[in-house]
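Per-entry structural report
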Amino acid sequence: MGITLVFSLLFLSSLHGVSSNSRYLTSMFTFGDSYIDTGNFVIMATSSAPVWQDKPPYGMTFFGHPTGRISDGRVIIDFIAEQFGLPLLRASLQNSSDVSKGVNFAVGGATAIDVGFYERNKLVQFKLLNNSLDVQLGWFEKLKPSICKTAKGCRDSFSKALFFVGELGVNDYSFVWSAGKTEDEVRSYVPKVVKKIVMAVERLIDEGAVYIVVPGNPPIGCSPTMLTLRSSVNRTQNYNYIGCLNDINRVARRHNSFLRVAIDTLRIKYPHTTIIFADFYHPIVSILQNPSSFGVADADGLRACCGGGGKYNWNASAVCGMPEVTACKNPSAFVNWDGVHFTEATYRYIAKGWLYGPFADPPILSVIRH
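Let us look at the structure shown here.

Procedures and definitions
Residues numbered from 1 in each chain as written. Predicted model: local features only at pLDDT ≥ 70, side-chain atom pairs only at ≥ 80, totals over all residues. Heavy atoms only, no water. Helix = DSSP H or I, 4+ residues; strand = E, 2+ residues; numbered from the N terminus. Rg over C-alpha atoms; globule rule 2.2 N^0.38 Å. Buried < 20%, exposed > 50% of the residue type's maximum accessible area, 1.4 Å probe, protein only. Contact = heavy atoms within 4.5 Å. Areas by Shrake-Rupley, 256 points an atom, 1.4 Å probe, with all protein chains shown as cover. Lys, Arg positive; Asp, Glu negative; His and termini not counted. Charge placed at Lys NZ, Arg CZ, Asp CG, Glu CD. Disulfide = S-S within 2.5 Å. Salt bridge = Lys/Arg side-chain N within 4 Å of Asp/Glu carboxyl O. Polar contact = N/O pair within 3.5 Å; in protein donor to acceptor, adjacent residues only side chain to side chain. Pairing = 2+ DSSP bridges.

Notes on the overall build of the chain
For the chain, the count of helices and strands is 14 helices and six strands. The C-alpha atoms of the chain give a radius of gyration of 19 Å, which matches the 21 Å a tight globule of 370 residues would have. Considered along the principal axes of its C-alpha atoms, the chain spans approximately 55 × 50 × 40 Å. The burial tally for the chain puts 60% of its 370 residues in the buried class. Within the chain, contacts between residues at least 6 apart in sequence are counted, and of these 73% link residues at least 24 apart. Of the roughly 15,200 Å² of accessible surface on the chain, a fraction of 55% belongs to carbon and sulfur atoms. Positive and negative charge centroids in the chain, built from 35 and 29 side chains respectively, lie 3 Å apart.

Here it is, written out as structure tokens:
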């Protein structure tokens, strides 16, 4: 049956009595990484190195062609935009002439902490794209004159916008894990990462933002990429009952815990701003705990739809988008798309959980209505 149909049935009752189109919000502005990128990574990376995310079968499900989204179709913010009657957000680096209804600054591979930190401390062995959260905020600042002309005009415009800050942190922690650091060493980065996210939220509030969604980290220890790359360094006892990596997911949960505490503090400091914590962790776990209920075969729960083979259908030398690498026939019957990112069906499920609950505190539509 597939995730798409099952998700629609699960949320059908939630739709009753809630408008599908709000006239209050006039725009969306989003910051983050590849989970919500709509094309910035492809634009940035193609000038320095070959990329595969702009090749088929990316985009096969909804658009019928690659769009720069790192999925088979739409990503979370596309479903949020559709809910509020807004156009799908264009990537900021596309330099659209009309940004009045919003723009997406998120970039694949983006970090919360400045990329120079990872390069200076030799946590990566390659040159990173300059796409951190601070850089994205800088792009936003430069674009402001195209959105509004005066300080009062900007505050009025941003008070009617929905902002997303994240997901961020997955790349920060992944770089540290890849450098061979221990779990305790990776955990030590959590306060630094959360602090950068908090600073970004406060900066947007100072600009006039009233509605801000802050997503947590997904269970990256369940990703085909991590499961493959770390298979040689993990013992049997490091896998949980689902088959995910305990140490990786403990760091994700620690991040989410710290982030929720930080958001609670921000709510007290800014009582007239609505800050929503969006749970990215439990929607994925809920599917993996009982995949058949979502139309996913048990054997495919931890496998990528598009990949080059192996236990988890992910191979570093044959990634999705490369010649001869094929995708599954029905992406909606898979949770994961390419080893890291999720299928459109999974993103739809997450988006609905953020809009209506139970995967957001508070659910977006409980605080933003006509």
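So, next bit.
Considerations on the state of the cysteines
All told, the structure shown has four disulfides when counted by the stated rule. Between the sulfur atoms of cysteine 306 and its disulfide partner cysteine 320 the distance amounts to 2.1 Å. Given an S-S torsion of about 95 degrees, the disulfide between cysteine 306 and cysteine 320 has right-handed geometry. Of this pair, cysteine 306 sits in the loop between helix H12 (282–289) and helix H13 (344–356) while cysteine 320 sits in the loop between H12 and H13, and the two are 14 residues apart along the sequence. Given the relative accessible area of 0%, cysteine 306 is considered buried. Residue cysteine 320 is classed as buried on the basis of its relative accessible area of 3%. Across the chain, the way the bonded cysteines pair up, counted in sequence order, is 1-2, 3-4, 5-8, 6-7.

Here's the deal with the pattern of salt bridges
Under the definition given, this model contains 17 salt bridges. The salt bridge partner of arginine 250 is glutamate 183, with a shortest N-O separation of 2.8 Å. Of this pair, arginine 250 sits in helix H11 (residues 246–269) while glutamate 183 sits in helix H8 (residues 183–187), placing them 67 residues apart in sequence. When its relative accessible area of 19% is taken as the criterion, glutamate 183 is described as buried. A salt bridge links aspartate 361 to arginine 260; the shortest N-O distance between them is 2.8 Å. With aspartate 361 in strand S6 (residues 360–361) and arginine 260 in helix H11, the pair connects residues that are 101 residues apart, well separated along the chain. A single network of salt bridges, built from pairs that share partners, joins Arg74, Glu82, Glu344 and Arg348.

Focus on the side chain of lysine 196
Mapping lysine 196 onto the fold places it in helix H9 (residues 190–207). A polar atom in the side chain of lysine 196 sits 2.7 Å from the side chain of aspartate 134. Excluding residues that lie within four positions of it along the chain, lysine 196 makes contacts with Ala112, Ile113, Leu133 and Asp134.

Focus: helix H7 (residues 170–178)
Buried residues dominate H7, accounting for eight of its nine residues. The complete set of buried residues in H7 reads Val170, Asn171, Asp172, Tyr173, Ser174, Phe175, Val176 and Trp177. If you follow the buried residues of H7, they end up packed against helix H4 (115–120), H8, H9, helix H10 (224–229) and H11. Looking one or two residues past H7, glycine 180 carries a phi angle of roughly 85 degrees, positive in sign.

Looking at the environment of phenylalanine 140
For phenylalanine 140, the location among the structural elements is in helix H5 (residues 133–147). Residues phenylalanine 140 and proline 331, spaced 191 residues apart in sequence, show a C-alpha to C-alpha distance of 34 Å. When sequence neighbours within four positions are dropped, the list of residues in contact with phenylalanine 140 reads Phe29, Phe31, Phe105, Phe158, Phe163, Leu204 and Glu207.

Concerning the pairing of strand S3 (residues 161–165)
Buried residues dominate S3, accounting for five of its five residues. For strand S1 (residues 27–31) and S3, the ladder comprises five bridges, and the chain directions are parallel. Residue pairing in the sheet places threonine 30 in a bridge with phenylalanine 164 of S3. Inspection of the sheet shows S3 paired to strand S4 (residues 211–215) by three bridges, in the parallel sense. The residue of S4 that forms the bridge with phenylalanine 163 is isoleucine 212.

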